[in-house]
Amino acid sequence: MKKICILNSKRFLAAVLAASLMTTPVLPAESSLVVHAEESVKQTIAKPVITEISNEYEGLVIHWKAASGAKGYQLFRRQKRTDPFELIAVLGEDELSYTDNDAMKEGGIYTYMLKGVDGEVVSEESEPKTVSRFLVTKVSMKIKYAQKSARQMQKMINDFRTGKNTWCWNSTNTQKVYTQGIGKLAYDYNLEKIAMKRVAEIAIKFNHERPNGKTCFTAMSEEGYKYKYAGENIAYGYKTAAKAFEAFQETNQYYSGQGHRRNMLSTNYNVCAIGHCKVNGVHYWVQLFAYTVDDSDYTKTISTSKKVDLYVSADDLTSYKKTLNKLGAKINDYAPSQVTWVDLQTEKKKAYLFYTKSVGAAGYEIYRSNQKKKGYKKVGTVKSQFKLEFTDKKLARKKKYYYYIVPYRIAHDEKVYGKKSEIKMIKTQ
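What counts, and where the lines are drawn
Residues numbered from 1 in each chain as written. Predicted model: local features only at pLDDT ≥ 70, side-chain atom pairs only at ≥ 80, totals over all residues. Heavy atoms only, no water. Buried < 20%, exposed > 50% of the residue type's maximum accessible area, 1.4 Å probe, protein only. Helix = DSSP H or I, 4+ residues; strand = E, 2+ residues; numbered from the N terminus. Patch = residues over 30% accessible without salt bridge, like charges linked within 9 Å, V, L, I, M, F, W, Y side chains within 5 Å. Areas by Shrake-Rupley, 256 points an atom, 1.4 Å probe, with all protein chains shown as cover. Salt bridge = Lys/Arg side-chain N within 4 Å of Asp/Glu carboxyl O. Lys, Arg positive; Asp, Glu negative; His and termini not counted. Charge placed at Lys NZ, Arg CZ, Asp CG, Glu CD. 1 Å grid on protein atoms, 1.4 Å probe; cavity = no way out; pocket = protein on both sides within 12 Å on 5 of 7 lines; lining within 4 Å. Points joined across faces, edges and corners; volume = space filled by probe spheres on them. Nonpolar A, V, L, I, M, F, W, Y, C, P; charged D, E, K, R; others polar. Contact = heavy atoms within 4.5 Å. Polar contact = N/O pair within 3.5 Å; in protein donor to acceptor, adjacent residues only side chain to side chain. Pairing = 2+ DSSP bridges. Axes fitted to C-alpha atoms, helices over the stretch in contact; angles between N-to-C directions. Core = buried A, V, L, I, M, F, W, Y, C linked by side-chain atoms within 4.5 Å.

Draft legend 1. Structural detail: helix H5 (residues 241-249). Every buried residue of H5 is accounted for by Ala 241, Ala 244, Phe 245, Ala 247, Phe 248 and Gln 249. Looking one or two places after H5, you find Glu 250, whose phi comes out positive at around 55°.

What follows is the structure in structure tokens.
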């Protein structure tokens, strides 16, 4: 079975457009502006704006615009409309995003609000923004790359662009539109790293949407790759670069079937990169195109197996498990943080345990033994992140007991455990 697929993107920076529309009032030359020393000028801070909240492996990531006059920010969160907002982070002037790794409840609803601050001056509350938490799972596996053959495709693309067959059908399939003087594309080694990530992803999910549920172009932004235009062609089932390139040409297709061809012949791009891997006996190919002003340095060709980490939307995980199992993939879920002890008290045949909250936890399991290094058994489960105490009853008098605590959270019906706490000993009265 063979298949190819296309997507391209035209990205404009809204900030540039906004800046071009901004004007500064100019006073007439003969006028002057006087501020009397005795008049106090009231300090104000613009109301912050939360621009985006994204689901990531580490938690929910909140992004906002810089607020004029703000020297820092206060971020608040709530889970129910009837609850008051809780302050969860105090951030500096240059910090315009925050990862809430305590928002790990699968299917949880979280609402965020932001304030700008400068000393005792506080801005208006931002408009609240609500988001649903969808868990993302990390999948570690080995991918067999064949980048030597991948790089061979650059010459094929450039020969195509500078040859005589640089035409595509118009939208009505009545005329061949020829492109002239489009020039060759440089090979971008930074972009190749992204193509290698994407070719591993399409081996799991053959789509321009990534396994984590995001568009393919987020693979570029995640790596800090700067571009004005970008495009992606994907294919599988072709054993050689020549066969894959022939399929991408779509010479015998009409307009609706020449999207890959138009991408390869586009005048919007100045660089390209190709990814090629073999998974479970099937060859996968990714062509990436971009217009960038950033140079890249040569990197060695990779034609061996390499460990990669991919991120998969947890609700789609079952769809890919068969493929992942064949690859010997290791599935990891983000663990809650370790708890620390606050106090440990006794009263005759009882022990009272007090501990700190675990970030990202759903609850805690309590373990006890009569010996420090072995023999621990679970003696209780606290099913609330916010209940930070446990009472162990029916103990023997004047005897030593050892305890540790393990935080956990729930991910697709399974418990994900954090590191156990330090071991603490008490002696009953």
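Draft legend 2. Layout of a negative patch on the surface. On the surface, a cluster of negative charge is made up of Glu 106, Asp 315, Asp 413 and Glu 414. Its place among the elements puts Glu 414 in strand E25 (residues 414-417).

Draft legend 3. Spatial organisation of the layout of surface pockets. One number sums up the size of the largest pocket: a volume of about 540 Å³. Every element with two or more residues in the lining of the largest pocket is listed here: strand E2 (50-56), strand E3 (59-64), helix H3 (189-204), helix H4 (218-222) and strand E17 (305-313). Partitioned by chemical class, the residues of the lining of the largest pocket number 7 nonpolar, 8 polar and 10 charged.

Draft legend 4. Broad picture of a positive patch on the surface. Taken together, the side chains of Lys 348, Lys 349, Arg 397, Lys 398, Lys 400 and Lys 427 define a basic patch exposed on the protein surface. For Lys 348, the location among the structural elements is in the loop between strand E19 (341-347) and strand E20 (350-355). The exposed category is assigned to Lys 348, whose relative accessible area is 52%.

Draft legend 5. Summary view of the pattern of salt bridges. As enumerated under the stated definition, the model contains 17 salt bridges in all. Between Asp 102 and Arg 77 there is a salt bridge, and its shortest N-O distance comes to 3.5 Å. You can see Asp 102 sitting in the loop between strand E6 (97-100) and strand E7 (109-118) and its partner Arg 77 sitting in strand E4 (residues 72-78), a full 25 residues away along the chain. An identical accessibility class is assigned to Asp 102 and Arg 77; each is buried.

Draft legend 6. Main features of the environment of Lys 65. Mapped onto the secondary structure, Lys 65 falls in the loop between E3 and E4. Exposure remark for Lys 65: the relative accessible area of 52% places this residue in the exposed category. Along the sequence, Lys 65 and Glu 52 sit 13 residues apart, while their C-alpha atoms lie 9.7 Å from each other. Setting aside residues up to four positions removed in sequence, Lys 65 forms contacts with Val 49, Thr 51, Tyr 73 and Leu 96.

Draft legend 7. Summary view of the side chain of Asn 170. Mapped onto the fold, Asn 170 is located in the loop between strand E11 (167-169) and strand E12 (176-178). Judged by its relative accessible area of 18%, Asn 170 falls in the buried class. Within the structure, the side chain of Asn 170 is placed 2.9 Å from the backbone nitrogen of Asn 173, a separation counted as a polar contact. A distance of 3.0 Å separates the side chain of Asn 170 from the backbone nitrogen of Thr 174, its partner in a polar contact. Those residues in contact with Asn 170 that lie beyond four places of it in its chain are Gln 175, Val 177 and Tyr 255.

Draft legend 8. Quick look at the sheet that holds E19. As summarised here, the arrangement of the 3 strands in space is E19-E20-E23, forming an open sheet in which the pairing is antiparallel. The sheet is open, and its two edges are formed by E19 and strand E23 (389-392), each paired on a single side. This sheet shows a mean twist of 15° between the axes of neighbouring strands, independent of strand direction. Inspection of the sheet shows E19 paired to E20 by 6 bridges, in the antiparallel sense. Each residue of the ladder has a partner; that of Trp 341, found in E20, is Tyr 355.

Draft legend 9. Representation of the side chain of Glu 192. Its location among the elements puts Glu 192 in helix H3. Glu 192 sits in the buried class, given a relative accessible area of 3%. A polar contact of 2.8 Å, which involves the side chain of Glu 192, links it to the side chain of Tyr 187. Glu 192 has contacts with Gln 147, Arg 151, Tyr 187, Ala 273, Ile 274 and Thr 299, leaving out every residue within four places of it along the chain.

Draft legend 10. Just the nonpolar core, in detail. One finds Met 141, Met 153, Ile 157, Leu 191, Met 220 and Trp 285 to be the most contacted residues of the largest nonpolar core, which totals 62 residues. In terms of residue count, H3 provides more of this core than any other element does, 10 residues in total. Those residues within four positions of Ile 157 in sequence are excluded, and the remaining contacts are Leu 185, Phe 245, Met 264, Cys 272, Ile 274, Gln 287 and Phe 289. Ile 45, Ile 50, Leu 75 and Val 131 belong to the second largest nonpolar core, which has 17 residues in total.

Draft legend 11. Inspection of the pairing of strand E15 (residues 271-279) at higher detail. Counting buried residues in E15 gives 8 out of 9 residues, a clear majority hidden from the surface. The pairing of strand E10 (residues 136-145) with E15 spans 2 bridges and is classified as antiparallel. Note on E15: the bridge partner recorded for Lys 144 is Lys 278. Direction of pairing for strand E13 (residues 186-187) relative to E15: parallel, over a ladder of 2 bridges.

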